[in-house]
Amino acid sequence: MIRKLMLAVAALVAAMSMAFAQVDVNKADAAALDSVKGVGPSTSKLILEERTKGGEFKDWADFSKRVKGVGDKRAAKLSQAGLQVAGKPFDGAGAAKAPAAAGKPAPAAKPAAAPAKM
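The structure presented is a predicted model; accordingly, all values stated were derived computationally and were not measured. (Residues numbered from 1 in each chain as written. Predicted model: local features only at pLDDT ≥ 70, side-chain atom pairs only at ≥ 80, totals over all residues. Heavy atoms only, no water.)

### Topic: the environment of Asp 34
Phase 1: With respect to the helices, strands and loops of the structure, Asp 34 is situated in helix 2 (residues 30–34).
Phase 2: For Asp 34, a relative accessible area of 34% corresponds to the partly exposed category.
Phase 3: C-alpha of Asp 34 to C-alpha of Ser 44: the two residues are 10 residues apart in sequence and 6.4 Å apart in space.
Phase 4: Not counting residues up to four positions away in its chain, the partners in contact with Asp 34 are Val 39, Gly 40, Pro 41 and Ser 44. (Helix = DSSP H or I, 4+ residues; strand = E, 2+ residues; numbered from the N terminus. Buried < 20%, exposed > 50% of the residue type's maximum accessible area, 1.4 Å probe, protein only. Contact = heavy atoms within 4.5 Å.)

### Brief notes about the packing of aromatic side chains
Phase 1: Summed over all chains, the structure comprises 3 aromatic pairs.
Phase 2: Each ring, one from Phe 57 and one from Phe 63, has its centre 5.1 Å from the other, and the planes form 80 degrees; the classification is edge-to-face. The two residues Phe 57 and Phe 63 agree in class, both being buried.
Phase 3: Ring geometry for Trp 60 versus Phe 90: centroids 5.5 Å apart, planes at 75 degrees, classification edge-to-face. With a gap of 30 residues between them, Trp 60 in helix 4 (residues 60–66) and Phe 90 in the loop between strand 2 (83–84) and helix 6 (98–102) connect regions that are remote in the sequence. Of the two residues, Trp 60 and Phe 90, neither departs from the other in class, the shared state being buried. (Phe/Tyr/Trp six-rings, centres within 6.5 Å; stacked < 30°, edge-to-face > 60°.)

### Some details on the nonpolar core
Phase 1: Val 25, Leu 33, Ile 47, Phe 57, Trp 60, Phe 63 and Leu 83 are the most contacted members of the largest nonpolar core, which totals 17 residues.
Phase 2: Only helix 4 and helix 5 (72–80) provide two or more residues apiece to this core.
Phase 3: Beyond its immediate stretch of four places on either side in the chain, Phe 63 contacts Val 25, Ile 47, Phe 57, Val 70, Leu 83 and Val 85. (Core = buried A, V, L, I, M, F, W, Y, C linked by side-chain atoms within 4.5 Å.)

### Describing the pattern of salt bridges
Phase 1: Counted under the stated rule, the structure contains 4 salt bridges.
Phase 2: Note that Asp 24 is salt-bridged to Lys 27, the shortest N-O span being 3.9 Å.
Phase 3: The class for Asp 24 is buried, based on a relative accessible area of 11%.
Phase 4: Lys 27 sits in the exposed class, given a relative accessible area of 70%.
Phase 5: Taking the shortest distance from any N to any O, the salt bridge between Lys 53 and Glu 50 comes out at 3.4 Å. You can see Lys 53 and its partner Glu 50 sitting in helix 3 (residues 41–54), 3 residues apart, about one turn around the helix.
Phase 6: Among the charged side chains, a salt-bridge network with shared partners connects Glu 50, Lys 53, Asp 62 and Arg 66. (Salt bridge = Lys/Arg side-chain N within 4 Å of Asp/Glu carboxyl O.)

### Focus on the side chain of Ser 79
Phase 1: Position of Ser 79 among the secondary structure elements: in helix 5.
Phase 2: With residues up to four places along the chain from it excluded, the contact list for Ser 79 reads Trp 60, Pro 89 and Phe 90.

### Notes on helix 5
Phase 1: Of the residues making up helix 5, those classed as buried are Ala 75, Leu 78 and Ser 79. Along the axis of helix 5, the buried residues cluster in a sector spanning 100 degrees; they form a single face. Exposed side of helix 5, more than 90 degrees from the buried face: Lys 73, Lys 77 and Gln 80 are the residues found there.
Phase 2: Those residues of helix 5 hidden inside the fold are in contact with helix 4 and strand 2. (Arc of directions from axis to C-beta.)

Here it is as structure tokens:
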């Protein structure tokens, strides 16, 4: 009987942690943002100030651009910890850099140097 009770409590705790794991930066208050691993009081303050000043974040690229100290590497870690922007996790494909690089052709390879004659 005790085993069943402990199993039920463990399942309840796991379900609760899953329910609270996802935090959207466009809807969260300071306490919810602080609950995400990697977001402290200063970062949550920056997020809230920027959201108030510039409106909701459109995507991760917009979030990284507007919140100082959040690049692709940190965005990936925050996303893994449960942070979302506009209901979506970070895709990890360099969202901020993809459109700029798409129109550039690849650099041409240099020809190999001819061997020196002796």
